Amino acid sequence: MKKYAQFTLVIVAFFLLVWIRQGESNSEHTVALSPQQASLVASAPPGNAIASPAAPPPSNPTPTPTPTAAAQTTTPTPTPAPKGQYRDGTYTGSVADAFYGNMQVQAVISGGRLTAVNILQYPNDNGTSRSINSQAIPILQSEALQAQSANIDMVSGASASSPAFQQSLQSALSQAS
Amino acid sequence: MRMTRTTMAMPAAVTALDAHASADDLGRVFHLFDEVDQKFSVFRDESPVSKYRRGERTRDSFDEEERHVWDLCEQTKRETDGYFDAFYGGTYDPTGLVKGYAIRRGAELLRSLGYRQFLIEIAGDGEAGEKSRGTGWKVGISNPFNTREIVKVVQLSNCGIATSGIAEHLDHIVDPHTHQPAHELASITVIAQDAEEADRFATAAFSMGTAGLAFVEQHTHCAAYAVTADRRGVATTRFKSYEVASNL
């Protein structure tokens, strides 16, 4: 009888957990993996929809300079006017020394915006920027980063190529401005 | 017993808990690392690979190990749809997998010497044996935006781990009009059967962006955890089986 009670408790706890997880997942962001994303496209966030050229037109057919109330609630900081737009084109950055090897990127400017950063040379692979044909396209949920306790035997992390990436991209962007 | 050295211009560590662990044996692992570096480094003018790149020798003169690494580069290019390309621009640069190759060889050497409880690491990539009966080594995945912070802890036994990414300064590169970072991923960590496979796949998956997660998902014996440019974490479905519960 005691065993039966324990079993029931486990079943109830399980469904409770499933119910809670579903509630969580509804509020979580999802990352849909599409082949189009493979070219490292910088996309406009929903919160900045006003400043984005790709934003859907307002329901009011007459354009108004003031943002709608709904948009205001999703825009935490004032968005500067899109001034100083880049010239359209594809700009190749300088080859920068990334300690383990070379880093070189290419900036693609379209409609005055930086729309893609292609990695021409990456220290570990000399990878090209060709697109990948994803066969399986899972929908994976993202979660907020959360600091963990440091009771560990080893750390695995990104290596020291960042200044080189920055250097190469900035040189590409300076050609576009 | 734990021993640390610098190899391939990177920090490396070998830890072994087996009762018969000796400084001699652990030293042999570092010796192997140095041999691999001297043979395959493109940063050493006198290395056999550098000589091949300058046309001073042909593939006919490759020894068995050089042929193996060449084949592994070709295999990886096929497997990753060209995202890992050691032959880019008509040259030959095996750098992207040499670190993982060296770690896997080091693990093989320790196993051949009767070691079971070991952890080998070069600059954040590693291969784990067991830590003790039935438990693994705890490996923290660092936050690429703050490398002193750990954002995930995994428990590994008899497998490899590697992270590819852009540390710390990624958020400084933004699309000036959307104010969003210009790259989809800040880092991606891959857990695979050994350090060699983890290294090859992490490098390729990072270049793919978020499609890299789909790439790892397709390999049923691998798992991955990525930190996106907008500072969120995304795991493949099999990652959970390695994860240690948060905030222990």
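In the block above lies the structure referred to throughout.
To start, this report covers the structure provided alongside it.

Rules used in this analysis
Residues numbered from 1 in each chain as written. Chains lettered and ligands numbered in written order. Predicted model: local features only at pLDDT ≥ 70, side-chain atom pairs only at ≥ 80, totals over all residues. Heavy atoms only, no water. Helix = DSSP H or I, 4+ residues; strand = E, 2+ residues; numbered from the N terminus. Buried < 20%, exposed > 50% of the residue type's maximum accessible area, 1.4 Å probe, protein only. Contact = heavy atoms within 4.5 Å. Areas by Shrake-Rupley, 256 points an atom, 1.4 Å probe, with all protein chains shown as cover. Pairing = 2+ DSSP bridges. Axes fitted to C-alpha atoms, helices over the stretch in contact; angles between N-to-C directions. Parallel < 35°, antiparallel > 145°, perpendicular 65-115°, else oblique. Left-handed = near helix turned anticlockwise from the far one by under 90°. Nonpolar A, V, L, I, M, F, W, Y, C, P; charged D, E, K, R; others polar. Core = buried A, V, L, I, M, F, W, Y, C linked by side-chain atoms within 4.5 Å.

## Side note on the overall build of chain B
So, point 1. Looking only at helices and strands, chain B has six helices and 10 strands in total.
So, point 2. Counting every position in chain B, which comprises 248 residues, the buried fraction comes to 62%.
So, point 3. Considering only intrachain contacts with a sequence separation of at least 6, the fraction spanning at least 24 residues in chain B is 57%.
So, point 4. Taken as a whole, chain B presents about 9400 Å² of accessible surface, with 45% of it coming from carbon and sulfur.

## Here's the deal with the sheet that holds strand β6 (residues 146-156) of chain B
So, point 1. Across the sheet, three strands lie side by side as β7(A)-β5(B)-β6(B); this open sheet has mixed pairing. The outermost strands of the open sheet, each flanked by one partner alone, are β7 (154-156) of chain A together with β6 of chain B. Along the sheet, successive strands turn relative to each other by an average axial angle of 35°, direction set aside.
So, point 2. Pairing geometry for strand β5 (residues 137-143) of chain B and β6 of chain B, over seven bridges, is antiparallel. Each bridged residue has a counterpart across the sheet, and for Ile 141 of chain B the counterpart in β6 of chain B is Lys 152 of chain B.

## Some remarks on the packing of helix α1 (residues 23-40) of chain B against helix α4 (residues 95-112) of chain B
Residue and element names in this part refer to chain B.
So, point 1. Put simply, α1 and α4 touch, their axes get as near as 9 Å, and they point 150° apart. If you check the angle between α1 and α4, you find them roughly antiparallel. Here α1 and α4 pass one another in a crossing that is right-handed. In this structure, α1 contributes Asp 25, Arg 28, Val 29, Leu 32, Phe 33, Val 36 and Phe 40 to the contact, and α4 contributes Val 98, Tyr 101, Ala 102, Ile 103, Arg 105, Gly 106, Leu 109 and Leu 110.
So, point 2. Split by residue class, the contact of α1 with α4 holds 11 nonpolar, one polar and three charged.

## Remarks on the side chain of Ser 187 of chain B
So, point 1. As for its position among the elements, Ser 187 of chain B is in strand β8 (residues 185-192).
So, point 2. Residue contacts for Ser 187 of chain B: discarding those within four places in its chain leaves Ala 158 of chain A together with Pro 144, Thr 163, Ser 164, Gly 165, Phe 206, Tyr 225, Ala 226 and Val 227 of chain B.

## A look at the nonpolar core
So, point 1. Among the nonpolar cores identified, the biggest contains 61 residues, and Phe 33, Val 36, Ile 120 and Ile 188 of chain B are the most heavily contacted of them.
So, point 2. Contact partners of Phe 33 of chain B, with chain neighbours within four places excluded, come to Thr 7, Met 8, Ala 102, Ile 103, Gly 106, Ile 120 and Ile 122 of chain B.
So, point 3. Met 154 of chain A together with Leu 119, Leu 156 and Tyr 225 of chain B belong to the second-largest nonpolar core, a separate cluster that totals 18 residues.

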